[in-house]
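# Working through the structure, step by step
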Amino acid sequence: MDKNRAWDLLNEISFVRVAGTKEELKAANILKKAAEAAGAEAVIEDFEIEEATISEATLEVLEPEYCRYPVIGIGKTKNTKKEGVVGGFKYLENVKEANLADIKDKIVLMQGRVRPDMMKKIAEKGALGYIMIGGDFYEEESIKNELRPSNAFGKDNPLPGLRIHIDNAEKLVRSNPTKVRMVFRNRNKKGTSHNVIATIPGTDLKDEVIAFSAHYDSVPYSKGSWDNGTGSVSIMELLHYFIQNRPRRTLKFIWCGSEEIGLVGSRKYCEKHKDELDKYIFNINFDMTGVTLGYEFVCCSCSEDTLHAIQYVADLENYALSTELGTYSSDSSSFAGAGVPACTFARLNPRGGAQIHNHHDNMDHLDPDSFMITINFVAKFADQIANAPVNPIPRRFAESVQKKMDEMKKFMGRDEKKDKDKKDKKDKDAKPEKKEKDK
Ligand SMILES: [Zn+2]
């Protein structure tokens, strides 16, 4: 492995590469070429994405004193009429019954994570729309203008949604609005995104597969050097390593597009390849490594045994690793959700350290030596799995992981059991219809 080669590639893909854009495709082609240059066969798989295009998002206080606030719209929420909706105002600190008693015909200001079931509750109580708080009081002005576009989870969202910077949210609350108007208009636009896949066929246990993955897309405003140029380049270095050290098992290297809009690339990959996934014994995902000031971390969506095995090898290698059993908001969750034991490696920052999802995510706080810490360990660890006579990764999930995966599906509006029950009922009631599908 070669830290300078890795560093050069990281520089080369450090540009804004948002899901479905030509810059994302440009990055895909750079990665494909690099994988081929390393000596592997690589392909690009296209998939469809559906993004919200927002044509209008405004928030005005009409009474007692007129004021217009800068906001952005939350994609895939319900459109208002052209002239918008007008109503009262309530700051909903949390979704507790006591707070919901008087929200009828009001536009509500909310904070934190809002699950689809909460949204439904608010709509049932008669709210007209909602405004989410984003940003940070203490960030610099240039970042305050970079409110990150987002989409609501789930389908058929019952209310229109806006996002406001926390500075303005405070002003809004203090102005005690009595009459507020919001306008929100969006429509879904289809686009194309891409996964890049390189394969190293195994020498003799080729029917068993280890999948390395990393997303290569970024959010708007961000060059995504840390998130996740570093992960993308990490698996490229592992590809180089395993070309030189041919493994017994087959290895897949998957650079996922559209992770930032809901793990879409990895989900599409798992759908497209679902018939082969029973051969996939482990997914090793990378999301953000290489910061100078940071600490090594792995989140395991697998069995406790596998977590302990990783910890054991880390101890043998004197590799200081924080571990967690659970789900991670990255592509490993798609593999785990599809039944493949998975984990995500990251080098996380201390408080006040490097940032992501704004224009500060560039090369400034990364360095080649810190970058190699994670890959050097994973190469050793993965080499053992790739060459073990018997698959050492049990195909099961710790109970706590399973519970988190179920919760996550629910959060994202994809309760598959419910979908299945619905389908079974439909099948019984009438002629069968295709199951509906959706992070
Ligand atoms: Zn990421």
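Details of the structure are given in the entry above.
Okay, so let's go over this structure. (Residues numbered from 1 in each chain as written. Predicted model: local features only at pLDDT ≥ 70, side-chain atom pairs only at ≥ 80, totals over all residues. Heavy atoms only, no water.)

Moving on to the packing of aromatic side chains. Enumeration over the complete set of coordinates arrives at 11 aromatic pairs. An aromatic cluster is defined as three or more aromatic residues linked by ring pairs; in this entry it consists of Phe286, Tyr319, Phe345, Phe377 and Phe381. Between Lys26 and the ring centre of Phe15, over which it is positioned, the NZ or CZ distance is 4.6 Å. (Phe/Tyr/Trp six-rings, centres within 6.5 Å; stacked < 30°, edge-to-face > 60°. Lys NZ or Arg CZ within 6 Å of the ring centre and 35° of its normal.)

Here we take up the coordination of the zinc ion. Every protein donor of the zinc ion is accounted for by His215 (NE2), Asp227 (OD), Asp287 (OD) and Asp287 (OD), and the metal-donor separations fall at 2.0 to 2.7 Å. Angles of 51 to 143° at the metal separate the four donor atoms of the zinc ion, which places the site in the irregular class. Counting the intervening residues between successive donors of the zinc ion yields the motif H-x11-D-x59-D. Placement of Asp227 in helix α7 (residues 225–244) and of Asp287 in the loop between β12 (280–286) and β13 (295–301) is noted, with a sequence separation of 60 residues between them. (Donors = N, O, S within 2.8 Å, 3.2 Å for Na, K, Ca; no water. Tetrahedral: all angles 85-135°; square planar, octahedral: opposite > 155°, others 65-115°. Helix = DSSP H or I, 4+ residues; strand = E, 2+ residues; numbered from the N terminus.)

For the rest of this paragraph, the subject is the pairing of strand β10 (residues 205–215). Relative to strand β11 (residues 249–256), β10 is paired through eight bridges, and the arrangement is parallel. Looking at β11, one finds that Ser213 is bridged to Ile254. Where the polypeptide runs from β10 across α7 and back to β11, its parallel neighbour, the crossover connection is right-handed. Bridge count for β10 against β12 is six bridges, and the pairing is parallel. Note on β12: the bridge partner recorded for Val209 is Tyr280. (Pairing = 2+ DSSP bridges. Right-handed = clockwise from strand over helix to strand, strands pointing away.)

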